[in-house]
Amino acid sequence: MPALSVTLAGVSRSFAASGRGGASGRLAASGRGAASGRDAASGRGGATRRVLTNIDLDIRAGEIVALIGASGSGKSTLLRQVSGLDTPDVGSIQIDGTPLVGIDQRCAIAFQEPRLLPWRTIESNIALGLPRGTPKADGAVRVGELLHLVELEGARELKPSQVSGGMAQRASLARALARGPGVLVLDEPFGALDALTRLTMQDLLLEVHSAEPATILLVTHDVDEALYLSDRVVLLGDDPEAPQGSGSGIRRILSVPGSRPRDRADATLALLRAELLDGLGVSSHHRPAPSPSTTVRLDSF
Amino acid sequence: MADAEQDAVGRAILVNAAASSTGSEYLTGASSGALPARATRRPRASTVLLGAILPIALLAVWQLISESGVIPSYRLPAPLTVWQAAIDLAQRGLLFPDIAISTQRVLLGFVFGSILGLVVGSIIGLSRWASLLAAPTVGAFRAVPSLAWVPLLILYLGIHEDSKVVLITIGAFFPVYTTVSGALSHVDRHLVEVGRAYGLGRLSLLARVQLPAIIPTVVSGLRLALAQSWLFLVAAELIVSSLGLGYLLKESQDNGRIDRLFAAIILLGLLGKLTDTLIGFGERYLLRRWT
Ligand SMILES: Nc1ncnc2c1ncn2[C@@H]1O[C@H](COP(=O)(O)OP(=O)(O)OP(=O)(O)O)[C@@H](O)[C@H]1O
Ligand SMILES: [Mg+2]
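Cut-offs used in this document
Counting from 1, residues in each chain are numbered in the order their sequence is written. Each chain is given a letter, starting from A, and each ligand a number, starting from 1, according to the order in which they appear as written. A pLDDT threshold of at least 70 governs which residues receive local features in this predicted model, and a stricter bar of 80 or more applies before side-chain atom pairs are shown or counted, although totals over entire chains, interfaces and linings include all residues. Side-chain numbers come from the whole structure's heavy atoms, not from hydrogens or water. For the purposes of this entry, the term helix denotes a DSSP run of H or I that reaches at least four residues, the term strand denotes a run of E that reaches at least two, and both are numbered from the N terminus. Here the term buried applies to any residue with accessible area under 20% of the maximum for its type, exposed to any over 50%, and partly exposed to those in between, with areas from a 1.4 Å probe on protein chains only. In a helix, the anticipated span is given by 1.5 Å times the number of residues less one. Boundary definitions for the domains trace back to an automatic or database domain assignment. Throughout, buried area stands for the accessible area (probe radius 1.4 Å) lost by two parts on being put together, summed over both. Salt bridges are defined as contacts in which a side-chain nitrogen from Lys or Arg sits within 4 Å of a carboxyl oxygen from Asp or Glu. In protein, a polar contact requires one atom able to donate a hydrogen and another able to accept it; more generally it is a pair of N or O atoms within 3.5 Å, and residues adjacent in sequence count only if both atoms are side-chain atoms. Charged residues are taken to be Asp, Glu, Lys and Arg, nonpolar residues to be Ala, Val, Leu, Ile, Met, Phe, Trp, Tyr, Cys and Pro, and polar residues to be all remaining types, Gly included. A cutoff of 4 Å decides nearness: a residue is near a molecule or strand if any of its heavy atoms lies inside that distance of it. Only nitrogen, oxygen and sulfur atoms within 2.8 Å of the metal, or 3.2 Å for Na, K and Ca, are treated as donors, and water is left out, so sites may look incomplete. The contact criterion used throughout is that any non-hydrogen atoms of two residues lie within 4.5 Å.

**Student:** Explain unusual backbone geometry here, please?
**Tutor:** Keep in mind that most residues, glycine aside, have a negative phi and that most peptide bonds are trans. Residues and elements named next belong to chain A. Put simply, R260 and P261 share a cis peptide bond, and its omega is -5°. Within the secondary structure, P261 is located in the loop between β10 (248–255) and α9 (267–279). Unusually for a residue other than glycine, E188 sits at a positive phi of about 45°. Position of E188 among the secondary structure elements: in the loop between β7 (183–187) and α7 (195–211). Residue E188 is classed as buried on the basis of its relative accessible area, which comes to 14%.

Here it is, written out as structure tokens:
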């Protein structure tokens, strides 16, 4: 599938302020979770807690956008809106110009947790990601390629309980790739990997992206990773002016200069890095003296 | 809110199931389901030997007591007498038809009841509407002591096979229904969401995610259902039948043949244990395959 553009317009999402979350097990299981879960959460006289507020974002087809923000700032929630697992209370989302209704098969998601089915082997867990109706032989070939890609050939027959956290996460990534999606939504895809594997996997993702372009929206806590991988970095967070509990919005969007593959040690990236860390509320000790001559383009909100 | 209540009710029903006649069976079943490591362990010769100690000791004590004459033999026949009674019945060709027909009734009722329990349990466990509409009714039917159905069944279906198989079906249905519907509403939401995200429809979600996730619970439900099936078999056969181990019990009681009575009881115990062991093998296989 070719890469598809994603447009978010005024997306907001609230949850019930207390007690059980919006989409309960039974509702989610019934396949109507997205819609009726929201009714349960935001309707009927309960207080609600706003998590996302008024998110506008245009993602070009084939673009890689990294989403960063503090823990609890609603990154995963935003990804759930884009993949159709959850529906915004206000606002709309379009993929390739058509509005998103429910779960969209043009989109593939890798969750923050690997979420592998414990009774299936790694191989057949990855096969779960294949588009419906893939002929068996083609599917097997594709899964074989993916196993090779994420270096899990040795683990194809193992159950998830028998592999390491990093291996499980790679399997989860492979499952999302199996779809050959137009939009790839990745929630901290490399979070559980050691530093070295992490670098390898970042390069792997870029390889996949140039071989089979997809629009990628990924969450990461690693500023360097965001800068290395993405075209733009979106910083999500509370508005310091707004009263507490009014939800996260987009604080900044940084365009990362240069084309991929980037030099990890690039000096301009170091500047952006300080900028992002600052936005996250972490002061960078190696912060360069602020100078008006900074060449970095910065779209501040 | 409604959901929380629903879950509480579900749990309460489960607890009821555990507290009913076969409570201890249920608990052991459930714990072995929760501990696949224990359930998947292959029974070794030493395990079998250890398990055989108590029955052999019981036999010995029984033999001693009956030899000592403390209890008269018309109250407690000697083990050997019971054995001979069984052989005698077998030689006259009276025993195997009883065993065969009882086993057939149990298996038929167990299979029908389990399938029904699985289907109804899945529907009520998965669909909020079905649950709101039907769960209280099914719960009410469950609350009817199952033997209360016997006169009605006889009236409707006569005293032939049908009424007995239906009664056993009722007995097998509820444990499976209760465990399946209860477990389905507690399947890991994250896994269900994975299924939905990857485009599984309702039925394939059930087949590929939800049912596999609850296999251990289903298996313990099946074990409980089997135990219930034997229970209901004997009840049905005691009340009305002309063949079967329950009938043998009743006939022996009427004729004062306490040796046959003992033989029938022991046979029922052995058959129940045998079928339970067979399910145990199935359980081991399923747990290996699905965990
Ligand atoms: N189903 C839900 N019901 C109620 N509240 C929810 C639900 N899902 C998310 N939230 C709330 O939304 C907020 C944002 O959660 P989210 O998982 O999106 O954060 P995040 O940015 O991904 O954090 P992290 O970096 O730790 O993964 C949290 O306060 C969380 O409690
Ligand atoms: Mg998250």
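Next comes the rest of the description.
**Student:** For this particular structure, what's the right way to read helix α9 (residues 161–184) of chain B?
**Tutor:** An α-helical turn contains 3.6 residues, so any two residues separated by three or four positions project in the same direction. Compared with the 34 Å implied by 1.5 Å per residue over 24 residues, the 34 Å span of α9 of chain B between its first and last C-alpha is a close match. Most of α9 of chain B sits out of view: 21 of its 24 residues are buried.

**Student:** How should I be thinking about the domain arrangement of chain A in this particular structure?
**Tutor:** When the parts come together, some accessible area is lost, and that loss is often what is quoted as the size of the interface. All names here are of chain A. Partitioning chain A into structural domains gives domain 1 (1–11 + 50–106 + 182–284) and domain 2 (113–180). Summarising the inter-unit geometry, the C-alpha centres of domain 1 and domain 2 are found 24 Å apart. Where domain 1 abuts domain 2, roughly 1200 Å² becomes buried across the two surfaces, and 61% of that area is made up of carbon and sulfur atoms. On the domain 1 side of the interface with domain 2, the three residues burying the most area are Q105, M201 and L204, jointly 29% of the side's total. Across the pair E212 and R142 runs a salt bridge, and its minimum N-O distance is 3.3 Å. Linking domain 1 with domain 2 are five residue pairs in polar contact (both at pLDDT 80 or more), by the criterion used here. Looking at the side of domain 1 that touches domain 2, the elements with two or more residues in it are β7 and α7. Of the residues that constitute the side of domain 1 that touches domain 2, the class distribution is ten nonpolar, five polar and two charged.

**Student:** Explanation requested: the site of ligand 1 in the structure shown.
**Tutor:** Residues and elements named next belong to chain A. The immediate surroundings of ligand 1 are formed by 16 residues, with S71, K75, S76, T77 and Q112 found nearest. Within the contact set of ligand 1, an oxygen atom lies 3.3 Å away from a backbone nitrogen or oxygen of S73. Within the contact set of ligand 1, an oxygen atom lies 2.7 Å away from a side-chain nitrogen or oxygen of K75. A total of three residues in the shell around ligand 1 trace back to one element, the largest contributor, which is helix α3 (residues 75–82).

**Student:** I'm lost on the coordination of the magnesium ion (ligand 2) in this one. Help?
**Tutor:** Each pair of donors in an ideal four-coordinate tetrahedral metal site encloses 109.5 degrees, whereas pairs in an ideal six-coordinate octahedral site enclose 90 or 180 degrees. Residues and elements named next belong to chain A. Donor atoms from the polypeptide that bind the magnesium ion (ligand 2) are S76 (OG) and Q112 (OE1), placed at 1.9 to 2.2 Å. With S76 in helix α3 and Q112 in the loop between β6 (107–110) and α4 (122–127), the pair connects residues that are 36 residues apart, well separated along the chain. S76 gets classed as partly exposed once you look at its relative accessible area, which sits at 24%. Residue Q112 is classed as partly exposed on the basis of its relative accessible area, which comes to 34%.

**Student:** Explain the pattern of salt bridges to me, please; I cannot follow it from the model alone.
**Tutor:** Opposite charge on two side chains permits pairing when their charged atoms draw close. Tallied over the entire structure, the rule returns 25 salt bridges over all chains. Its salt-bridge partner being D89 of chain A, residue R13 of chain A comes within 3.4 Å of it at the nearest N-O pair. Of the two residues, R13 of chain A sits in strand β1 (residues 6–16) while D89 of chain A sits in the loop between α3 and β4 (90–95), which places them 76 residues apart along the sequence. Residue classification places R13 of chain A among the buried residues on the basis of a relative accessible area of 2%. A salt bridge links R198 of chain A to E225 of chain A; its shortest N-O distance comes to 3.1 Å. One end of the pair, R198 of chain A, is in helix α7; the other, E225 of chain A, is in helix α8 (residues 223–229), and 27 residues separate them in sequence. Sharing partners across several salt bridges, the network here consists of R80, E113 and R115 of chain A together with E193 of chain B.

**Student:** Please explain the domain arrangement of chain B as it appears in this structure.
**Tutor:** All names here are of chain B. Parsing chain B into structural domains produces domain 1 (3–41 + 79–290) and domain 2 (42–76). Taken together, the contact between domain 1 and domain 2 spans ten residues of the former and ten residues of the latter. Across the interface of domain 1 and domain 2, roughly 760 Å² is buried in total on both sides, 67% from carbon and sulfur atoms. Run the count over domain 1 and domain 2 and you get zero salt bridges. Joining domain 1 to domain 2, the criterion identifies zero residue pairs in polar contact (both at pLDDT 80 or more). Secondary-structure elements contributing two or more residues to the side of domain 1 that touches domain 2 are α5 (79–91) and α14 (258–290). Take the side of domain 1 that touches domain 2: its biggest share by element is five residues, from α14. Looking at the side of domain 1 that touches domain 2, its residues break down into six nonpolar, one polar and three charged.

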